[in-house]
Amino acid sequence: MECILRAGDSLFALHDALKMAPDLDHLVSQLIQVDTRTSARSSGATTATSVSMSTTPSHLNVRVADRHITVALNVRRALQSGRTILDLLDAFETTHDPLLSAVHRALSDQRLVDLSDLIAGVLSDESETETLSHASLASRHARCFAVQNGVNPLLDVARQTYSETVKDVNEHVAALCEAFTDLRINLKLTASVGFILSIDRNPRQLPSVFINPVARQSHIQCSTMQLVKLNERLNEIINEAILLSDRVIGELLDCLRADVSLLYKLSESLGLLDLFVSLAHNASLYDYVRPEFGDALCIQGGKHPIRYILDTKRPFVPNDTFCDLSCNFQIITGPNMVRARDFRADI
């Protein structure tokens, strides 16, 4: 604790980095799960001889493939968090503390670097994935671009078809804006429906080309027959791209499962470090002191650590406590609601 508290501002940076790390225990449990009922890699819709853009893949296969991509992305995120935390941990004097030294050795394991390099050879850059996720407002579209270009030629064709279809959507909306200049037409993307049109003004009657109108507070959401067809086309391409990506992602997950013990060790190390950093963070915020153990119990200005933080409606009154071999029995009395139970819990 003293080693962490002496780090100063590095403590808060390490605390923020640990908060951004994913739940490794849950991630490892997802990684080791293998769906034996169906797999996109064993499905005939993803073999090189039978792949077709007109094929409608099984929704179960798509869900399984989508989950595989999510696990792979989260594993990469966990390894990147471990590397970031290791860089911040270098600012601490870990050589003087055996526990921090053990955590530092676990995070600096070369095998973790090898796993990161293995993932980097399959998945695209993190910045590209995040940009796609924020631009499309649907993470499923971003997962189509999770695998790097050139890994699977059929996947590259599906992505090219996807980009061309999105271009057709934009051209269709531009044509509508030119045809109906009195309407302010905006294009939006939702995860459930896909591309929809949003008309800012609320005209008395929409032109017949617009279908499925839904009135909102300040605009109308609607679509067109051409846009509906393009959305169906995009859904087929997205599902096919996810299934094609699963062929590569599945092989990557098999390699990760072979070294799952490294992820267990990483989870244990980050959990132990999170315990120390969280306690040190609270100690720096609420003036915690390090106790000295002896024959007597002497607490001056003791405060319940939870009540002191949560109870903000009235001032918290600290309590003094003394107990030794000659005075080891005390009776706590008082009216109701004086927090005698909290006083006992504090001790």
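What you are looking at is a predicted structure, and each value in this text was computed from that prediction instead of being measured.

So, how was this worked out
- Residues numbered from 1 in each chain as written.
- Predicted model: local features only at pLDDT ≥ 70, side-chain atom pairs only at ≥ 80, totals over all residues.
- Heavy atoms only, no water.
- Helix = DSSP H or I, 4+ residues; strand = E, 2+ residues; numbered from the N terminus.
- Buried < 20%, exposed > 50% of the residue type's maximum accessible area, 1.4 Å probe, protein only.
- Contact = heavy atoms within 4.5 Å.
- Areas by Shrake-Rupley, 256 points an atom, 1.4 Å probe, with all protein chains shown as cover.
- Core = buried A, V, L, I, M, F, W, Y, C linked by side-chain atoms within 4.5 Å.
- 1 Å grid on protein atoms, 1.4 Å probe; cavity = no way out; pocket = protein on both sides within 12 Å on 5 of 7 lines; lining within 4 Å.
- Points joined across faces, edges and corners; volume = space filled by probe spheres on them.
- Patch = residues over 30% accessible without salt bridge, like charges linked within 9 Å, V, L, I, M, F, W, Y side chains within 5 Å.
- Salt bridge = Lys/Arg side-chain N within 4 Å of Asp/Glu carboxyl O.
- Pairing = 2+ DSSP bridges.
- Axes fitted to C-alpha atoms, helices over the stretch in contact; angles between N-to-C directions.
- Parallel < 35°, antiparallel > 145°, perpendicular 65-115°, else oblique.
- Left-handed = near helix turned anticlockwise from the far one by under 90°.
- Nonpolar A, V, L, I, M, F, W, Y, C, P; charged D, E, K, R; others polar.

Peer 1: In this structure, what is going on with the overall build of the protein chain? I would like to understand it.
Peer 2: Tallying secondary structure elements over the protein chain gives 13 helices and 6 strands in all. Taken across its 347 residues, the protein chain has 39% of its residues classed as buried. A separation of at least 24 residues holds for 67% of the contacts in the protein chain among residues at least 6 apart in sequence. Accessible area for the protein chain stands at about 20,600 Å²; split by element, carbon and sulfur atoms hold 53% of it.

Peer 1: Would you mind going over unusual backbone geometry with me for this structure?
Peer 2: Residues apart from glycine generally show negative phi values, whereas peptide bonds are mostly found in trans. Residues other than glycine seldom take positive phi values, yet Asn212 does so here, at roughly 50°. Relative to the assigned elements, Asn212 resides in strand E3 (residues 211-215).

Peer 1: Just to check I follow, could you spell out the nonpolar core for this structure?
Peer 2: A general feature of soluble globular proteins is that nonpolar side chains tend to end up buried together. Residues Phe210 and Leu273 are the most contacted members of the largest nonpolar core, which totals 76 residues. Top element by residues in this core is helix H10 (residues 225-258). It accounts for 14 residues. Leaving out residues up to four positions away in the same chain, Phe210 has contacts with Leu176, Phe180, Leu183, Ile185, Leu197, Ile199, Cys222, Ser223 and Thr224.

Peer 1: Before we go on, may I ask you to explain the layout of surface pockets in this structure?
Peer 2: In this approach, a probe sized like a water molecule rolls over the atoms, and the result shows the empty space that is left. What the largest pocket holds in volume is close to 1,100 Å³. In terms of lining residues, the largest pocket is bounded by 26 residues, among which Asp287, Tyr288, Val289, Arg290 and Pro291 are the most central. At the level of secondary structure, the elements contributing two or more residues to the lining of the largest pocket comprise helix H1 (2-5), helix H11 (260-286) and strand E5 (297-302). Among the elements that make up the lining of the largest pocket, the one with the highest residue count is E5 (6 residues).

Peer 1: Got a minute to help me understand a nonpolar patch on the surface in this structure?
Peer 2: A grouping of Met1, Leu5, Leu279, Tyr288, Ile306, Tyr308, Ile309 and Leu310 is seen on the molecular surface, where their side chains present a nonpolar patch of about 710 Å² in accessible area. Top contributing element to the nonpolar patch by residue count: helix H12 (residues 307-310), with 3 residues. Residue position: Tyr288 is located in the loop between H11 and E5. In this structure Tyr288 comes out as partly exposed when scored by relative accessible area, which is 34%.

Peer 1: So what exactly am I meant to see when it comes to the pairing of strand E4 (residues 220-223) here?
Peer 2: The side chains of a regular strand alternate between the sheet's two faces. Both faces of E4 are covered, namely the face carrying Ile220 and Cys222 and the face carrying Gln221 and Ser223. One ladder, built from 3 bridges, connects strand E2 (residues 194-199) with E4; its direction is antiparallel. By the bridge assignment for E4, Ile199 is matched with Ile220. When E3 meets E4, the two strands line up antiparallel, connected through 3 bridges.

Peer 1: In this structure, what is going on with the pattern of salt bridges? I would like to understand it.
Peer 2: If the charged atoms of two oppositely charged side chains come close together, the side chains can form a pair. Tallying each qualifying case throughout the model produces 4 salt bridges. Residue Asp109 is joined to Arg111 by a salt bridge in which the shortest nitrogen-to-oxygen separation is 2.9 Å. What makes Arg111 partly exposed here is its relative accessible area of 45%. One salt bridge connects Arg257 with Asp254, and the closest N-O pair in it is separated by 2.8 Å. Of this pair, Arg257 and Asp254 both sit in helix H10, 3 residues apart, roughly one helical turn. Given the relative accessible area of 37%, Asp254 is considered partly exposed.

Peer 1: I'm lost on the packing of helix H2 (residues 9-20) against H11 in this one. Help?
Peer 2: In the contact formed by H2 and H11, the axes pass within 10 Å of each other and the chain directions differ by 130°. Here H2 is positioned oblique relative to H11, judged by the angle of their axes. Where H2 crosses over H11, the two elements pack in a sense that is left-handed. Between H2 and H11, the residues in contact are Leu11, Phe12, Leu14, His15 and Leu18 and Leu270, Leu273, Asp274, Val277, Ser278, Ala280, His281, Ser284 and Leu285, respectively. For the contact of H2 with H11, a count of residues per class yields 9 nonpolar, 4 polar and 1 charged.

Structural measurements only, silent on function.
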